[in-house]
Amino acid sequence: MAAAAGVSITTVSDALNGKGRLPDETRSRVREVAERLGYRPSAAARTLRTGRSGLIGLTVTTYGEEPFTFTEFAYFAEMARAATSAALGRGYALVVLPASSRHDVWGNIALDGTVVIDPPDQDPLVSELYRSGVPVVSDGKPGNCPVTAWVDNDHEAAVLGILDHLSEAGARRIGLLTGTSTDTYTRLSTEAYLGWCAKVGQEPVYEAYPAHDPAAGAVAADRLLARPDRPDAVYGLFDPNGTDLLAAARRYGLRVPDDLLLVCCSESDVYAATEPPITTLSLKPRRIGTTVVNLLIDAIEGVDSGTGVDIARLFPPRFRTAGTGPPPGTLMPTELIVRASSQRRSPRTTVSPPRPPGEV
């Protein structure tokens with residue numbers, strides 16, 4: 001391969017792995033020759049040379065040992081796809097792992113680093129990985145978890161924006177469908193709602209349920225709309241909440257949006273086709289998936305990510321000095337996709353037919 005390209009073995013390695021300070025022309029020529037010859041770098045050789053496996057993990061630890069197929073939820077599926085693509089683009093393979101297992105899956109795979117989605121406070125898996133010297137980047141502000149870095153949305157601003165949107169649409173009693181877990185998304189979103197209620201003088205109207213259980217969501221939606229202080233608008237924090245609330249509204253004879261305004265957080269295209277179409281909050285999981293993987297690989301390789309973050313701070317405690325402060329974080333924007341479910345229809349105006357000339 002090196003002879004065919006007319007360069008040294010080191011230059012081939014640097015060109016194919018994006019390393020070194022090579023002229024663009026040289027890097028392109030080496031890659032063209034590699035493509036023509038069908039050459040692929042040896043994973044075993046890379047491991048011996050760099051001490052890295054080229055594998056990074058991804059898992060959801062929000063619900064601990066509770067059974068939870070996270071790829072069935074649109075947010076997690078889109079985030080995982082983007083993370084996989086970003087990892088491959090930088091020469092790594094992404095391994096999706098369970099939060100826990102009867103077998104020592106985590107101990108049997110040599111990971112260079114791990115992405116953890118929405119870890120709860122004091123997550124034991126994150127703590128163990130961190131103590132082992134494995135860099136961890138979390139999708140979600142980590143709370144008390146010792147992560148390397150984190151990426152999240154501004155959940156408080158997102159919730160306040162939704163509540164203001166519903167108020168402007170005429171809502172007078174806004175309810176919340178939330179979860180029972182301690183992850184940052186659920187906690188900050190619920191706190192933002194309660195703070196807003198205190199500010200505007202509204203009594204909180206909400207129901208909480210274990211979000212990993214789809215059946216529990218439908219029951220909680222029914223409970224919320226069966227309350228004597230039933231809300232005239234609801235924001236649901238989780239993907240299935242839109243359809244659950246729409247079904248519950250129909251059971252109680254409530255018209256959406258005339259009697260009940262609805263918004264839910266979801267990345268699913270299904271909500272553009274419901275009757276009526278449901279307003280959704282997008283957390284932009286593709287952007288988050290790409291960002292967490294790039295931050296993780298930057299930490300693994302000690303590369304300046306261009307974010308102004310000191311890479312030395314991106315390593316576990318044994319690689320850091322005391323007093324370096326909290327792990328660096330990145331906030332991503334959200335998008336409210338407004339549809340008919342959160343907009344009250346204008347009152348119909350009856351237009352009388354024109355009267356014949358001379359008629360009073």
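Throughout this description, residue numbers start from 1 for each chain and increase along the sequence as written. The model is predicted, so local features are restricted to residues of pLDDT at least 70 and side-chain atom pairs to those at 80 or more, both for listing and for counting; the totals for chains, interfaces and linings are taken over all residues. The side-chain quantities take in all heavy atoms of the structure and omit both hydrogens and water.

Peer 1: Pulling in residues and values, what's your account of the overall build of the chain?
Peer 2: To qualify as a helix, a DSSP run of H or I must reach at least 4 residues; to qualify as a strand, a run of E must reach at least 2; elements of each kind are numbered from the N terminus. For the chain, the helix and strand inventory stands at twelve helices and twelve strands. Exposure categories follow from relative accessible area, calculated using a 1.4 Å probe and restricted to protein chains: below 20% of the type maximum is buried, above 50% is exposed, and the middle band is partly exposed. Here the chain holds 360 residues, and the buried ones make up 48% of them. For the chain, the share of sequence-separated contacts (at least 6 apart) that also reach a separation of at least 24 residues comes to 67%. Total accessible area computed for the chain in this model is approximately 18,000 Å², and 52% of it derives from carbon and sulfur atoms. Whether two residues are in contact is decided by their heavy atoms: any pair within 4.5 Å suffices. Here the Shrake-Rupley method, with its probe set to 1.4 Å, supplies the accessible areas, and only the displayed protein chains count as covering residues.

Peer 1: Just give me the short version of the sheet that holds strand 12 (residues 335–337), but keep the residues and values in it.
Peer 2: Pairing between the strands of a sheet comes from backbone hydrogen bonds, and it takes one of two forms, parallel or antiparallel. DSSP-based pairing: two strands are paired if at least 2 bridges between them are found. Strands sit in the order 7-6-8-9-10-12 across an open sheet of six strands; the sheet is mixed. Edge positions in the open sheet fall to strand 7 (205–209) and strand 12, since each of these has one partner strand only. Direction aside, neighbouring strands of the sheet carry axes that sit 15° apart on average. Here strand 6 (residues 174–179) pairs with strand 8 (residues 233–236) via four bridges, running parallel. Of the residues in strand 8, the one forming a bridge with Leu-176 is Tyr-235. Every angle, taken between N-to-C directions, lies between 0 and 180 degrees, and every axis is a line fitted to C-alpha atoms, over only the stretch in contact when it is a helix. In the packing of helix 11 (residues 241–251) onto the sheet, contacts are made with strand 6, strand 7, strand 8 and strand 9 (261–265), and the angle to strand 9 comes to roughly 155°.

Peer 1: Provide a residue-level description of the side chain of Asp-232, including the pertinent values.
Peer 2: Note on placement: Asp-232 falls in the loop between helix 10 (214–226) and strand 8. Buried charge without a partner: Asp-232 forms no salt bridge, and the closest opposite charge is Arg-344, 4.5 Å away. Sequence-distant contacts of Asp-232, that is, excluding residues within four places in its chain, are made with Gly-170, Ala-171, Arg-172, Arg-173, Ile-174, Asp-259, Leu-260, Leu-261 and Arg-344. Think of it this way: Lys and Arg go in the positive column, Asp and Glu in the negative one, and His and the chain ends go nowhere. Salt bridge, as used here: a side-chain nitrogen of Lys or Arg that lies within 4 Å of a carboxyl oxygen of Asp or Glu.

Peer 1: Outline the environment of Pro-210, listing residues and values.
Peer 2: Mapping Pro-210 onto the fold places it in the loop between strand 7 and helix 10. What makes Pro-210 partly exposed here is its relative accessible area of 30%. A C-alpha to C-alpha distance of 6.9 Å links Pro-210 and Ser-181, two positions 29 residues apart in sequence. Beyond its immediate stretch of four places on either side in the chain, Pro-210 contacts Thr-180 and Ala-216.

Peer 1: Any chance you could break down the confidence of the model for the chain for me, citing the residues and the numbers?
Peer 2: Scored by pLDDT, the chain has a mean of 82; 76% of the residues are at 70 or more. pLDDT expresses how confident the predictor is about each individual residue, on a scale running from 0 to 100. Here residues 307–324 is modelled with pLDDT under 50, and outside its nearest four sequence neighbours on either side it reaches 36 contacts, counting other chains as well. Of the regions scoring below 50 in pLDDT, residues 348–355 engages in one contact with residues more than four places distant in sequence or in other chains.

Peer 1: For the nonpolar core, give the residues involved together with the corresponding values.
Peer 2: In plain words, nonpolar cores are sets of buried Ala, Val, Leu, Ile, Met, Phe, Trp, Tyr and Cys residues tied together by side-chain atoms within 4.5 Å. Core analysis: the biggest nonpolar cluster contains 69 residues, and Ile-56, Leu-166, Tyr-235, Val-292 and Val-293 have the highest contact counts within it. The dominant element in this core, judged by the number of residues it contributes, is helix 12 (residues 285–301), at seven residues. What counts as a domain boundary in this text is fixed by an automatic or database domain assignment. Both domains that furnish three or more residues to this core are identified here as domain 2 (55–152 + 285–332) and domain 3 (155–282 + 337–342). Among all residues touching Ile-56, those that are not within four sequence positions of it are Ala-87, Tyr-92, Ala-93, Leu-94, Val-95, Leu-111, Gly-113, Val-293, Leu-296 and Ile-300. Residues Val-116, Val-126, Val-134 and Trp-150 belong to the second largest nonpolar core, which totals nine residues.

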